[in-house]
Each structure stands twice: as structure tokens, then as C-alpha cells.
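# Structural overview
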Amino acid sequence: SAAPCQMWGLYGVCNAWFMSHSYSVGLAKTTGQLQGYVNPGKDAGVKLSVPVMEDYERCLILCQAGGTSMRVNYLAVKTVNKGRGGCDSSFTQVSVEKQRDGH
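Below is a summary of the structure that appears in this document. (Residues numbered from 1 in each chain as written. Predicted model: local features only at pLDDT ≥ 70, side-chain atom pairs only at ≥ 80, totals over all residues. Heavy atoms only, no water.)

With that settled, consider the packing of aromatic side chains. Per the counting criterion, the structure on display carries one aromatic pair. Ring geometry for tyrosine 23 against tyrosine 74: centres 5.7 Å apart, planes inclined by 75°, an arrangement best described as edge-to-face. One end of the pair, tyrosine 23, is in strand β2 (residues 23–26); the other, tyrosine 74, is in strand β4 (residues 69–76), with 51 residues separating them in the sequence. The exposure class of tyrosine 74 is partly exposed, given its relative accessible area of 33%. One cation-aromatic arrangement involves lysine 29 over tyrosine 56; the distance from NZ or CZ to the ring centre is 4.4 Å. (Phe/Tyr/Trp six-rings, centres within 6.5 Å; stacked < 30°, edge-to-face > 60°. Helix = DSSP H or I, 4+ residues; strand = E, 2+ residues; numbered from the N terminus. Buried < 20%, exposed > 50% of the residue type's maximum accessible area, 1.4 Å probe, protein only. Lys NZ or Arg CZ within 6 Å of the ring centre and 35° of its normal.)

Here it is, written out as C-alpha cells:
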């Protein structure tokens, strides 16, 4: 059956053991490397608040507003990172917080 989806994309991991010849519809997270979505316009309130991993946030915002997404589970992006960028360059600072009891 056809479902009206506001976002579509590909499977996040290029691994044949986990991929299947199917589609996922609903709250289906797609890879940020290749995804498409219907632009909801300026008044829709889709304001991203993170500099990286915005694909997760965009999916959650659209689904929270009543939208659905479709993931093609048999297609994935195969890539090799050859330079700085993405999540590697954003998470460079490590901090450790102590609990109240000092541990």
C-alpha cells in the first residue's frame, strides 16, 4: 500500500547481512549521505539545533509533526572518508563529569 512520506532515504550500513529486499515506513532513520524530503516551508518549525548528525534530528522533527519516512532497506551508500570532516571533526573534546559522591 502507498503511504504518504515526507522523507526518503537509503539504509545506513552497507552490510548484506543486515540489509533486506524491503522498505521501512514510519519512523525509519535514513543515512544523511543521501536522503530526500519534502520541504515543509518556513512556517513548519523545522529548525535544526545540531551541527552534525542532523539526519537524526530532521527525521525525529518530521515524525513528531505527524510525518513519516521511508527507508529503502536494500540500497546503501558505500563510502571511504579520506579527509577531515563530519562526526570525526566535531567530537574532538572529551570531558568527564564526576558524580555527586566524587566518583
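Having seen the structure, we can now continue with the description.
Next up on the list: the pairing of β4. Examined bridge by bridge, strand β1 (residues 7–11) and β4 share five bridges and lie parallel to one another. Within β4, the residue paired with glycine 9 across the bridge is arginine 71. Sheet analysis places β2 next to β4, joined by four bridges and oriented antiparallel. Across the sheet, the residue bridging to tyrosine 23 is valine 72, located in β4. (Pairing = 2+ DSSP bridges.)

Let us look at a nonpolar patch on the surface. Together, Tyr23, Val25, Tyr74 and Leu75 line one region of the surface with nonpolar side chains, adding up to about 380 Å² of accessible area. Those elements giving two or more residues to the nonpolar patch turn out to be β2 and β4. (Patch = residues over 30% accessible without salt bridge, like charges linked within 9 Å, V, L, I, M, F, W, Y side chains within 5 Å. Areas by Shrake-Rupley, 256 points an atom, 1.4 Å probe, with all protein chains shown as cover. Salt bridge = Lys/Arg side-chain N within 4 Å of Asp/Glu carboxyl O.)

Turning to the sheet that holds β1, a few remarks are in order. Strand pairs in the sheet, formed through backbone hydrogen bonds, run parallel or antiparallel to each other. Ordered by their spatial adjacency, four strands build an open sheet running β2-β4-β1-β3, and the pairing between neighbours is mixed. Edge strands, defined here as strands with exactly one partner in the open sheet, are β2 and β3 (35–37). On average, adjacent strands in this sheet sit at an angle of 20° to one another, irrespective of strand direction. Against the sheet, helix α1 (residues 54–64) contacts β1, β2, β3 and β4, and its axis sits at roughly 30° relative to β3. (Axes fitted to C-alpha atoms, helices over the stretch in contact; angles between N-to-C directions. Contact = heavy atoms within 4.5 Å.)

Inspection of the secondary structure assignment puts leucine 62 in helix α1. On a C-alpha basis, the gap between leucine 62 and leucine 27 in space is 9.1 Å, while along the polypeptide they are 35 residues apart.

Examined against the element boundaries, leucine 48 turns out to sit in the loop between β3 and α1. Distance in space between the C-alpha atoms of leucine 48 and isoleucine 61 is 8.8 Å, their sequence separation being 13 residues. Look past the residues within four positions of leucine 48 in its chain and what remains in contact with it is Glu54, Glu57, Arg58 and Ile61.

So far we have only geometry, and geometry alone does not tell us how the molecule works.
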